[in-house]
Amino acid sequence: MHKPENKSPNIVGFIGFVLLVVVLAVLPHMLSFSQQEILVLLVINVLLVCSYRLLTLTGEWSLAHAVIMGVGAYASALASKELSVPVPLAMLIGASVAGFLAFLLSFPLFRMKGFYFLIASFAAGEVIRLSWKWSDLTFLFGGPKGIKRIPPFPDFLTIDFYEPVNYYYLCVVVVAVSLLILYRVEKSRIGLTFHAIHWQDKLAESVGVNTFRYRMLAFVISAFFAGLAGALYAHYVGAIAPKRFDVEEMVYILIWAIVGGTATFYGPIIGVVALTILNEVVLRSLGVDEMRPMFYGAVLIIAILFMPNGLEGLVPKIKNLFTGPPKDGNRSLTPSQATE
Amino acid sequence: MTSKFTISRRDFLSTTAAATVMAGVSMPKIAFGADDVVKIGFLAPLTGEVAAWGKPGLDGCQIWADWVNADGGVKIGDKAYKVEFVPYDDEYDPSKARTGAVKLIKEVGVKFVMMLGGDPWPGAAPIAEKEQMLFSTLLPSDLSPETTLLVAPCEVHPIYNVTGVEWLAEKKPELKTAVICAQDDSLGKPSVATYLAAFEAAGIEVLGKPIFFDPATTDFAPIMSKMLALKPDIVCLDTCYADYVHPLVEQAFQQGFKGQMISCTADFYQKMVEKTSKEFMEGFVFQFPDFDDPALNAEHVNFRKPNDFYAEFVKRFGAGEWSAVSWEYASIMDLWADAAGRAGTTEPVKVLEAMQVGGTGKQAFGEADWWGKELFGIDNALVGLWPVVKITDGKARIQEFKSIPAWWDKHKDLLIKHMTALDQMYFQRG
Amino acid sequence: MTPELFFQTVINATYAASYMALIAVGFVLIFGVMGVVNFAHGELYMAGAYTVVALYADQGFPFFLAVAAGLVFVGVLGLLMEFALFRPLRDNPLGGLIASIGFLLILQTIAVLGFGVRMENVPPSTQDKIVFLNGVVLTYQRLYVIVAAIGLLTALWLFLRKSKFGWALRACAQDREAAALQGMSINNTARLAMFIGAALAGVAGALTAPLVSPTPFMGHPVVVAAFIIIIVGGLGSLEGAVLVSILYAFVHTFVTTLYDGTLANIVGLLLMLAVLIVKPTGLFGAKERA
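Residues numbered from 1 in each chain as written. Chains lettered and ligands numbered in written order. Predicted model: local features only at pLDDT ≥ 70, side-chain atom pairs only at ≥ 80, totals over all residues.

Asks: Looking at this model, I keep getting lost on the overall build of chain C. Mind explaining?
Replies: What chain C contains, in helices and strands, is 11 helices and 2 strands. A compact globule built from 290 residues would reach a C-alpha radius of gyration of about 19 Å, and chain C, at 19 Å, matches this within 12%. Based on the C-alpha atoms only, the size of chain C along its principal axes is roughly 60 × 45 × 35 Å. Residues counted as buried form 60% of the 290 residues belonging to chain C. Sequence-distant contacts, at least 24 apart, represent 77% of the contacts inside chain C between residues at least 6 apart. (Helix = DSSP H or I, 4+ residues; strand = E, 2+ residues; numbered from the N terminus. Rg over C-alpha atoms; globule rule 2.2 N^0.38 Å. Buried ≥ 20, exposed ≤ 12 C-beta atoms within 10 Å, placed from the backbone. Contact = placed C-beta atoms within 7 Å.)

Asks: Looking at this model, I keep getting lost on the sheet that holds strand β3 (residues 79-89) of chain B. Mind explaining?
Replies: Hydrogen bonding along the main chain pairs the strands of a sheet, whether they run parallel or antiparallel. Residue and element names in this part refer to chain B. In spatial order, the strands read β2-β3-β1-β4-β5-β6; together these 6 strands make up an open sheet with mixed pairing. Strand pairing shows two members of the sheet lacking a second neighbour, β2 (74-76) and β6 (150-151), which therefore form its edges. Both strand β1 (residues 37-44) and strand β4 (residues 112-115) contribute to a ladder of 4 bridges, which runs parallel. Opposite leucine 43, over in β4, you have methionine 115 as the bridge partner. In this fold helix α3 (residues 94-108) packs onto β1, β3 and β4, with an angle of close to 175 degrees to the strand it touches most, β1. (Pairing = 2+ DSSP bridges. Axes fitted to C-alpha atoms, helices over the stretch in contact; angles between N-to-C directions.)

Asks: Looking at this structure, how should I read the environment of B:Ile398?
Replies: Residue and element names in this part refer to chain B. Tracing the sequence through the fold places isoleucine 398 in strand β17 (residues 395-403). Residue classification places isoleucine 398 among the partly exposed positions, given that 18 C-beta atoms sit within 10 Å. With 109 residues separating them along the chain, isoleucine 398 and proline 289 place their C-alpha atoms 6.3 Å apart. In this structure isoleucine 398 touches Pro289, Asp293, Ala295, Pro387 and Val389, once residues within four positions along its chain are discounted.

Asks: Would you mind going over the interface of chain A and chain C with me for this structure?
Replies: How big an interface is tends to be stated in terms of the accessible area lost upon association of its parts. On the side of chain C, 31 residues touch chain A, which itself brings 33 residues to the contact. Secondary-structure elements contributing two or more residues to the side of chain A that touches chain C are α5 (114-133), α11 (247-260) and α13 (292-306) of chain A. Ranked by residue count, the leading element in the side of chain A that touches chain C is α5(A), at 11 residues. Of the residues assigned to the side of chain A that touches chain C, the class counts are 25 nonpolar, 3 polar and 5 charged. (Nonpolar A, V, L, I, M, F, W, Y, C, P; charged D, E, K, R; others polar.)

Asks: Quick question: what am I supposed to make of the domain arrangement of chain B here?
Replies: All names here are of chain B. Along its sequence, chain B is organised into domain 1 (3-157 + 302-383) and domain 2 (161-286 + 386-421). The gap between the C-alpha centroids of domain 1 and domain 2 is 30 Å. Contact with domain 1, which involves 13 residues of that partner, is made by 14 residues of domain 2. Of all the elements in the fold, those that place two or more residues in the side of domain 1 that touches domain 2 are β14 (366-371) and α14 (373-376). Top contributing element to the side of domain 1 that touches domain 2 by residue count: β14, with 3 residues. Tallied by class, the residues present in the side of domain 1 that touches domain 2 amount to 5 nonpolar, 6 polar and 2 charged. (Domains from an automatic or database assignment.)

Asks: Quick question: what am I supposed to make of the environment of C:Tyr15 here?
Replies: As for its placement among the helices and strands, C:Tyr15 is situated in helix α1 (residues 3-34). Given 24 C-beta atoms within 10 Å, C:Tyr15 falls into the buried group. Sequence separation between C:Tyr15 and C:Phe250 is 235 residues; the distance between their C-alpha atoms is 9.8 Å. Beyond its immediate stretch of four places on either side in the chain, C:Tyr15 contacts B:Ala221, C:Arg142, C:Val145 and C:Ile146.

Asks: Just checking my understanding: could you explain the interface of chain A and chain B for this structure?
Replies: Counting from both sides, the interface comprises 29 residues of chain A and, opposite them, 29 residues of chain B. Where the side of chain A that touches chain B is concerned, the elements lending two or more residues are α2 (33-56), α12 (267-285) and α13 of chain A. It is α2(A) that provides the largest number of residues to the side of chain A that touches chain B, a total of 6 residues. Grouping the constituent residues of the side of chain A that touches chain B by class yields 11 nonpolar, 9 polar and 9 charged.

Asks: How should the pairing of β17(B) be read in this particular structure?
Replies: Looking along a regular strand, one sees side chains alternate from face to face of the sheet. Residues and elements named next belong to chain B. Summarising the sheet, strand β16 (residues 385-392) and β17 pair through 8 bridges and their orientation is antiparallel. Bridge assignment links threonine 392 to a residue of β17, and that residue is lysine 395. Following β16, the chain reverses through 2 residues before pairing antiparallel with β17; aspartate 393 in that reversal takes a positive phi of roughly 50 degrees.

Asks: What is the right way to look at the confidence of the model for chain B in this model?
Replies: Detailed reading of the predicted coordinates is not advisable wherever pLDDT falls low. For chain B, per-residue confidence averages 87 on the pLDDT scale, and 91% of positions sit at 70 or higher. The low-confidence segment residues 1-34 of chain B, where pLDDT is below 50, has 27 contacts with residues more than four positions distant or belonging to other chains. (pLDDT = per-residue confidence, 0-100.)

Asks: Please explain helix α7 (residues 221-228) of chain B as it appears in this structure.
Replies: Think of an α-helix as 3.6 residues a turn; residues three or four steps apart then line up on the same face. α7(B) sits mainly inside the fold: 8 of its 8 residues count as buried. Buried residues along α7(B) sit in contact with β7 (177-183), β9 (211-213), β10 (234-236) and α8 (242-254) of chain B together with α1 and α10 (238-258) of chain C.

Asks: Help me understand the environment of B:Gln255 in this model?
Replies: Relative to the elements of secondary structure, B:Gln255 occurs in the loop between α8 and β11 (260-262). With 27 residues separating them along the chain, B:Gln255 and B:Leu228 place their C-alpha atoms 8.2 Å apart.

Asks: Sorry, what's going on with the pairing of β1(B) here?
Replies: All names here are of chain B. In terms of burial, β1 is a largely internal element, 7 of the 8 residues being buried. Here β1 pairs with β3 via 8 bridges, running parallel. When the sheet's bridge partners are listed, valine 37 is paired in β3 with lysine 82.

Asks: What should I look at first to understand the confidence of the model for chain C in this one?
Replies: Taken residue by residue, chain C gives an average pLDDT of 87. The fraction at 70 or more is 97%. For this predicted complex, the interface score ipTM comes out at 0.84, alongside a pTM of 0.84.

Asks: Whenever I open this one, the sheet that holds strand β15 (residues 381-383) of chain B confuses me. Can you help?
Replies: Residues and elements named next belong to chain B. Strands sit in the order β13-β14-β15 across an open sheet of 3 strands; the sheet is antiparallel. Each edge of the open sheet is held by one strand with a lone partner, namely β13 (360-363) and β15. Strand-to-strand twist in this sheet, taken as the mean axis angle between neighbours without regard to direction, amounts to 45 degrees.

In structure tokens, the structure reads:
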């Protein structure tokens, strides 16, 4: 299904790719210092929300994703701080621990579907999060205060990764590779099976697909990259606490995904980028700090009422504005639709 | 006389907004600022659940700025500077605090940043280090040897709690036993250690283990039942948010407690009197005076015009709004303005040097020592006298100013022992 | 545990069970009829408390008048949610959940703007209390909550059993499509469910306002507890919600008294997980709604 179809889209794609690289490379230099900080967190959140989308492909919506990000953050922070594991390796450990935990959680959680899964994932996440807070485990997780002075990403040659611009480039590379993997998974046989489980799970089972194993696989991959995002966060900010991964953060992940739309690969990315700019740049500069949650709430309601497909639904329309209505149906299709 | 240099708040806000927008679209490498205004960052939670410890402090600062600016500003070197507070909402989150610190320091060009401290501080700490910026916190548990540019110049929570217990033991030697409950977080823990040390020093036995409760607790009846079942002479509420002090006190009243109560704070205590009774609240001991207290006019008190400040605060925001944080950020500004004046510059490192010259400083309640080496690993906490406040006939009145260093000299081993047991020493903290 | 502490804890738990039942029954009613997880339910509870803050504490109206106003006002908020959010999103349960999150943020911000971020103080309407022989105490203020819970929930139960509306409501909660096929007005039953569900939360908030310190964020822990209760009780089951409220309140209160509050929360969540794994439809739930 990934045979080169014809020459011209590849050239267009190549030019698009080069443009994207140039934009991503130049972007931080066009921003103010504080916007550079926001940009780093934004790139991390892109990975977070894209990893979330992978699980939604199977039709399941989890409320544990923020906590799983926290698992990656805690594991990576503890590995590097207490066991002196080099930070890049600790990050991989953090992501793996998050993935392994998802593997364990699969056994109870995937006995359920849909709404029950949603609620059960919430409960499982909260149990994990409360154990970080619990006074009897303070010696390990630091209690409500969490873990401070997490070792930063080590300098590479003369590159100081404390500088937001450098850490941004690091994150862009890590996130780009991760997104590529997520994309390949989605377009592979496995990804198609996820879709099949979502829309026709009984049918999929009847033709011999072990739906439990595929759900578990999606959950584990999704958790691995959420954990990686958590690790990237922990070693940048240098401090984590249980509150950072609470249900409020989970709500933000949900909002990004839903306002952006989850039908396409780029939908959640549009969501997180647009809402971060709205929240951190536009609303803050208006000096209406106390009213920011209300704006956010209103945007959410408007989006869900009037753009049920999310912001991604606007992309083809905008395209049409520039190119006119598509004459050849195939051309306006997005990459993900084209392979479906 | 200063008409030439007067910049109205509105003008200032609009220029700041314009500058912010410009910073967004252009290369932002120029720090914006007029020569005769010194900007102070206010990096604290302004929205969300912890906002109650940020927003009222900003209100108090506004009074401070209006007074100082009406007087012509702060004299630094041969110039008078108007003071302008630039707030940034850190949402009590370390990553937002980091972003805010970068914005305030590198874009707005502030010369000093005041924080509430706690969870957000570790996010801002490396920025303080890198940009050589002076920061202040209300929570000295943020202090550590690595962070030389962070000071706790007003409230050295929770060490001053020893004064209340010491005073109580002197005045009411018949009280022999106590129970403690505390919120299970970075505010409650070190405070529990302090009370345990203070009770031990005073020869008062603490019954049972301290009871930690989750900040998400909605009903305090079970906690109070548990405490009262131990039949204590003293119920100690440790350092709790007002949201918890009120229902705890109400429960103590409802469940028929007749003994002594002691707490770090009793914000909005008039409401507690309303909820219980004057008789019940009689003798309640805590540590935060109303600033209309005549005792604050004593010679040694450095906070300027405390009674007028209280009156102005009540006039602007209402009598029920006065709380512990209303005056604290403003008192830190007194200290900063004094130090900057003596340093002759707003340069943060120079101001800090001037602040700490001679190892003493003018803390709000009197001359105090820069202290903390043994507890925080650094002498960046300003410790001296602290008031013991008692409710008498429904009104809080200062009973006595007691010396924290005097207690420390006698009982420091106890405090270190209990702090260590609860993992609160600087070398144990994360 | 001394006998006094035991009896006091029983009374504490009875009170907790009462207000949790008011909230959980409303929550489960809305879920049953609308098919929507109303994340803003805790904020409806908060709105009830602030009605009492505004009318009773600030304006000096009689306490029970303020409570009645809270009931009506929050009920109307429920109608507003039904009309503006849940009706357009009827076939999109996740959409309803998200919209309720948006609504929650708006309600919180309105409370912050109108009353400030600080906690509010509501003086008790009475300080009378019943003191049992061994010193165990039940205050009238808490007794009101217990009485209101028993009264309102009994009334609701009778209403659901005896009236035509109640019958339609139950039918919708059990099977919406079938109910529609029977010619019932989905819109009317939805409105009724939202009004009753919201009003119950409002009344709980209004009655407990003098007992807690209302803040704009007070709804959050409450909605988490309601979540646990309706899962353990079974999603469509009103009786389950009541029984599990009692069970949960007793377990939570006793664990808090004997051990600590964080452990009590963990126990509650583990209980919920266990029930989900063993019997996903809940202890009293009949049919699966995926």
